[in-house]
Each structure stands twice: as C-alpha cells, then as structure tokens.
Amino acid sequence: MSTSNVRVAMIGAGTVGQPLARLLLDSNRVDMLVDAAAARIELVAICVRDGAKSRPGVPAQLIVTDSMATATRDDIDVLIEVAGGVEGTRELIEAALSRGTTVVTANKALMAAAGSELIALAHQHGADLYYEGAVAGGIPILRALRTSLAGERINRVMGIVNGTTNFILSKMSAEASDYGAVLAEAQALGYAESDPTADVEGFDAAAKVTILSSLAFGTALCGEVIHREGISRISAGDVAYAHRHSLVIKLLGIAERIGEHGISRRVHPVMLPMDHPLASVHGAFNAVFVEGASSGPLMWLGQGAGGEPTAAAVLGDVVAAARNRVTRRCDAPLSIDPSLQIFPLGELQSVFYLTVDVLDRPGVLATVAGVFGEHSVSIKSMEQSGFGDEARLTFLTHMVFESDISATLEDLAQLDVVDSVGSCIRVLEDDPS
Ligand SMILES: NC(=O)c1ccc[n+]([C@@H]2O[C@H](COP(=O)([O-])OP(=O)(O)OC[C@H]3O[C@@H](n4cnc5c(N)ncnc54)[C@H](OP(=O)(O)O)[C@@H]3O)[C@@H](O)[C@H]2O)c1
C-alpha cells in the first residue's frame with residue numbers, strides 16, 4: 001500500500017521552531033514518523049521574519065517571509081505556529097483553520113485568550129487544533145487529560161508550570177539567598193527574561209492553568225482573568241521559616257472542583273510539606289499533579305520549557321494531526337460545562353503563614369492578637385524575633401477563610417503599632433495520598 005504524504009508548513013524558527021524543523025527533517029526519524037503518523041510528513045516551508053538570519057540545520061530553500069501567504073497555502077494539510085504573539089497570530093491561525101487546514105501551536109497566551117473560539121472554528125471546517133506545547137513544554141499533559149483521563153472525574157490539578165519561578169525559588173531555598181540576587185543570577189544564566197514580569201508575577205502560569213482547567217473540567221478558553229499572585233515578595237526569611245518547619249515554597253497553578261458545580265482557578269505561592277510530590281521538583285523543571293476520583297494522585301514531571309523538549313511535544317501533535325488527515329477525521333471539540341461557576345476566592349479556606357513587623361512595646365502582641373480574634377482567625381503558632389525597637393511576629397493560622405485573612409491584614413495595616421504587614425503565604429496541609 002502506498003504511503004500518503006501530509007504536507008506541513010511552519011511559522012517560526014526560533015527557540016522551538018529550529019529544533020522542531022530539525023526533527024521533522026531528520027533522516028533517522030523518517031521511518032519512525034511514517035510508522036507513527038501512517039503518512040510521510042513533508043515539511044514544505046518555514047516562515048520567519050528575518051529571511052537572512054543563519055539557522056543551523058534549517059535548509060535555506062524552505063525559508064519564506066510572508067506569514068499570511070504561508071498560513072493560507074492551498075497545498076498544505078497542517079500549519080505549525082511556533083512564532084508566538086496574540087492578535088496577528090490569531091489572524092493567521094483563523095485564516096488557516098477557515099480553509100480546513102489543521103493547526104498545531106505552542107501558543108499558551110493565544111489559547112488561553114481565544115482557544116474556545118479557535119477550537120470551534122477548527123471543528124466547523126473539519127480541521128484539528130492541537131496545542132500540547134502550550135503547557136509545561138515537553139510534558140505531554142494535555143493529551144493525557146484529554147484521552148487517558150477522559151472518563152475520570154478530576155478533582156484537582158496543581159502544577160509547577162513556570163520553570164523560571166521554580167528555578168528562583170529552588171535557588172533561594174538551597175542557598176538561603178534573597179529574591180533580588182537570585183533573579184539577577186537567573187537573568188544572567190538565561191533562565192529569566194530581562195523583563196521577568198510575565199513569569200515572576202504569575203501571568204504565564206495563569207494562562208497554563210486556564211488551559212489545564214479547560215481540559216480537566218470543561219471551562220472555556222476565553223481570556224477570563226484568574227486570581228494571580230507572584231513570587232516577587234517572597235523573602236529569604238519566608239524561605240528559612242519554611243525550611244525550619246519542613247515546608248518548601250512553590251509557585252503553584254491550581255484548578256480545582258469545589259462541590260458539584262464550583263470551580264476555583266488561581267496562581268499563588270504555597271508552602272508545601274517536604275514530602276509532597278511537588279516539593280521535590282527543583283530547578284527549571286515543571287510538574288503537574290492531578291487528583292482523580294478513581295485514579296488517585298498522578299504526577300507528570302519534565303522539562304517545562306526549552307527548544308528541544310517543547311519541539312518533541314509539538315512533534316507529537318504533528319503526528320496526531322497527520323494521522324487524522326490520512327483517515328479524514330478530526331477530533332470532537334472540547335465540551336464546555338455551562339453549569340460550572342467560579343467559586344468566590346474569599347470562601348476558600350486555607351492555613352496561612354503571615355509576618356507582621358511591629359513596635360517592640362508591651363501590649364502590642366495583645367493588640368495584634370485582638371485583630372485576629374475579631375475576624376475569627378485562630379492562631380496555631382507564633383514566633384517573635386526582635387531587631388532594635390521593632391519585632392517581627394510570624395504567625396501560622398489554623399484553617400481559615402480567605403476573606404477573614406484579607407480583613408485581618410487590612411485592619412493590621414491600620415494599627416499604629418504595626419510598621420508593616422509582610423508576607424502572607426498559604427500552607428498546604430492535606431495529604432495527597
Ligand atoms: N521557548 C520555549 O521554551 C517555549 C516553551 C513552550 C511554548 N513556547 C511557545 O512557543 C512559541 C514560540 O516560542 P519561541 O521561544 O520559539 O520564540 P522565538 O525564539 O522568539 O521565535 C519566534 C520565531 O517566530 C518568528 N516570527 C515571529 N513573528 C513572526 C511573523 N509575524 N512572521 C513570521 N515569523 C515570525 C521569528 O522569526 P525571526 O527568527 O526571523 O525573528 C522566530 O523565528 C511561543 O508561543 C511560546 O510561548 C515556547
């Protein structure tokens with residue numbers, strides 16, 4: 001039987017695109033790809049902005065520079081978008097899907113903002129839209145949620161889905177260093193951008209949580225803003241406290257079911273017990289921890305970014321896309337559960353770690369404790385350390401409502417005896433097993 005050809009064009013040949021092009025053109029992989037895809041995958045064009053740039057392993061004759069002409073070629077079955085960007089890139093993807101061309105992308109920002117509309121457009125035109133590379137780089141978590149766990153009731157997905165912040169927190173923990181010094185080192189090593197906001201303030205993780213939630217629970221991909229706190233206020237003192245109490249601080253993206261129809265999605269630092277599976281994920285690694293009603297806890301670990309790992313995940317999508325083209329089928333779109341409602345953040349409960357800098361005077365502790373009491377925040381433990389006229393009070397609460405903690409922090413900040421309210425970090429206490 002003759003092997004079908006599936007013709008593929010790419011937009012982007014940067015960090016992800018270059019290794020991907022090399023994988024698609026690798027003569028040692030041809031048979032493997034033919035086996036996996038039941039088709040010969042033929043790369044016919046690679047669109048970039050700068051056609052003159054040197055790109056090792058990428059044949060110059062495949063390079064083109066007109067992105068819309070590439071996206072709307074009549075002779076391609078699959079368009080791979082690894083250029084990044086939102087608005088202009090959305091137009092390219094819409095143009096391709098409208099012609100029935102399957103699209104493979106690694107674009108988390110675009111998928112989180114407009115994924116539901118794009119998936120519907122793909123289905124309307126008999127095409128697929130795959131985006132495995134958009135979450136946790138080389139970890140094939142989206143396909144696992146979509147297929148392997150398709151019949152499972154998932155209760156919670158928690159992930160370390162940003163390598164930059166995990167690198168910074170791991171180093172702060174290992175070396176007892178301050179955030180600023182470690183960020184500068186991460187920037188020098190290329191682990192953090194010169195403007196690190198998207199990573200350290202949790203925007204990147206929020207887009208990934210939005211995508212994980214859509215697959216785990218059936219929430220829409222339509223640019224909804226989710227609660228987000230970053231790591232830039234975490235101090236060496238917080239890390240040291242965590243260490244002393246057998247805890248470790250991680251920036252987690254969390255999507256969880258609450259009751260029958262409630263859903264909570266958020267990104268914030270969490271102090272995890274050291275024996276939690278996510279606590280041992282260090283450096284730039286990512287991990288996604290899934291709790292299913294029948295499966296129990298599951299975890300995927302791997303390189304959350306980087307050209308080669310992400311290219312491997314994108315290649316898996318290209319193979320799946322090629323198989324569907326050959327068999328003339330396309331995947332059913334993700335269903336959206338209209339009964340789901342956002343659970344109010346204030347009604348969530350957690351244990352909290354808090355620090356408050358106060359004047360070191362008699363009676364101050366009673367005043368501060370009074371504010372906790374007024375808001376029904378019960379204190380499990382308190383530590384005091386003094387410096388000069390001031391003292392730092394460090395509290396660990398019992399399980400309390402988020403709204404009560406917010407009200408406590410607001411009132412504490414108003415007290416004359418309080419110099420500043422410092423850290424406020426949630427502590428995960430439940431047992432994952
Ligand atoms: N890097 C990672 O580790 C990683 C991991 C997961 C997902 N992703 C996602 O993968 C995508 C690509 O990331 P990247 O790191 O590979 O980006 P990158 O290194 O900046 O490369 C972008 C590529 O796209 C080309 N490009 C950009 N705009 C274009 C346009 N309008 N027309 C034609 N070509 C255009 C650039 O051309 P020139 O080379 O000529 O400038 C470059 O080759 C993004 O959506 C990103 O979020 C990246």
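Parameters at a glance
- Residues numbered from 1 in each chain as written.
- Predicted model: local features only at pLDDT ≥ 70, side-chain atom pairs only at ≥ 80, totals over all residues.
- Buried ≥ 20, exposed ≤ 12 C-beta atoms within 10 Å, placed from the backbone.
- Helix = DSSP H or I, 4+ residues; strand = E, 2+ residues; numbered from the N terminus.
- Pairing = 2+ DSSP bridges.
- Near = placed C-beta within 6 Å.
- Nonpolar A, V, L, I, M, F, W, Y, C, P; charged D, E, K, R; others polar.
- Core = buried A, V, L, I, M, F, W, Y, C linked by C-beta atoms within 7 Å.
- Contact = placed C-beta atoms within 7 Å.
- Axes fitted to C-alpha atoms, helices over the stretch in contact; angles between N-to-C directions.
- Domains from an automatic or database assignment.
- Parallel < 35°, antiparallel > 145°, perpendicular 65-115°, else oblique.

Looking now at the pairing of strand E4 (residues 78–81). Residues Val78 and Ile80 point to one face of E4 and Leu79 and Glu81 to the other, with burial holding for every one of them. Here strand E1 (residues 4–11) runs beside E4; their pairing, made up of 4 bridges, is parallel. Directly across from Ala9, in E4, lies its bridge partner Leu79. Relative to strand E5 (residues 102–105), E4 runs parallel, the two sharing 4 bridges. The residue bridging Val78 from the neighbouring strand is Thr102, located in E5.

Let us now look at the site of the ligand. Near the ligand, the surroundings consist of 26 residues, among which Gly12, Gly14, Thr15, Gly84 and Ala305 are the closest. Here the shell around the ligand is built from residues that sort into 9 nonpolar, 13 polar and 4 charged.

The next subject is the nonpolar core. Counting residues in each nonpolar core, the largest one holds 134 residues, and the members touching the most others are Val8, Met10, Val78, Ile80, Met271, Val314 and Val318. Per-element accounting of this core gives the leading share, 10 residues, to helix H12 (residues 307–326). Among all residues touching Met10, those that are not within four sequence positions of it are Gly17, Ala21, Leu43, Ile46, Cys47, Ile80 and Val82.

Strand order across the open sheet formed by 6 strands is E3-E2-E1-E4-E5-E6, with parallel pairing between neighbours. Two strands close off the open sheet at either side, each with one partner strand: strand E3 (63–64) and strand E6 (129–130). Of the strand pairs in this sheet, E1 and strand E2 (residues 39–47) are connected by 8 bridges, and their pairing is parallel. From the neighbouring strand, Val6 faces E2, where its bridge partner is Ile41. In this fold helix H1 (residues 17–25) packs onto E1, E2 and E4, with an angle of close to 145° to the strand it touches most, E2.

Domain parsing of the protein yields domain 1 (4–137 + 307–326), domain 2 (141–302) and domain 3 (345–427). Here the C-alpha centroids of domain 2 and domain 3 sit 25 Å apart. Taken together, the contact pairs 14 residues of domain 2 with 8 residues of domain 3. For the side of domain 2 that touches domain 3, the secondary structure elements donating two or more residues are helix H11 (236–244), strand E9 (247–258) and strand E10 (262–273). Top contributing element to the side of domain 2 that touches domain 3 by residue count: E10, with 6 residues. Residue classes in the side of domain 2 that touches domain 3 are distributed as 7 nonpolar, 4 polar and 3 charged.

Bringing the packing of helix H2 (residues 30–37) against H12 into the picture now. A pair of packed helices is captured by two measures, namely the crossing angle of their axes and the spacing between those axes. Interaxial distance between H2 and H12 falls to 8 Å at its minimum, and their mutual angle equals 50°. With respect to H12, the axis of H2 lies oblique. Two secondary-structure elements touch here, H2 through Leu33, Ala36 and Ala37 and H12 through Val319, Ala322 and Arg323. Of the residues that constitute the contact of H2 with H12, the class distribution is 5 nonpolar, no polar and 1 charged.

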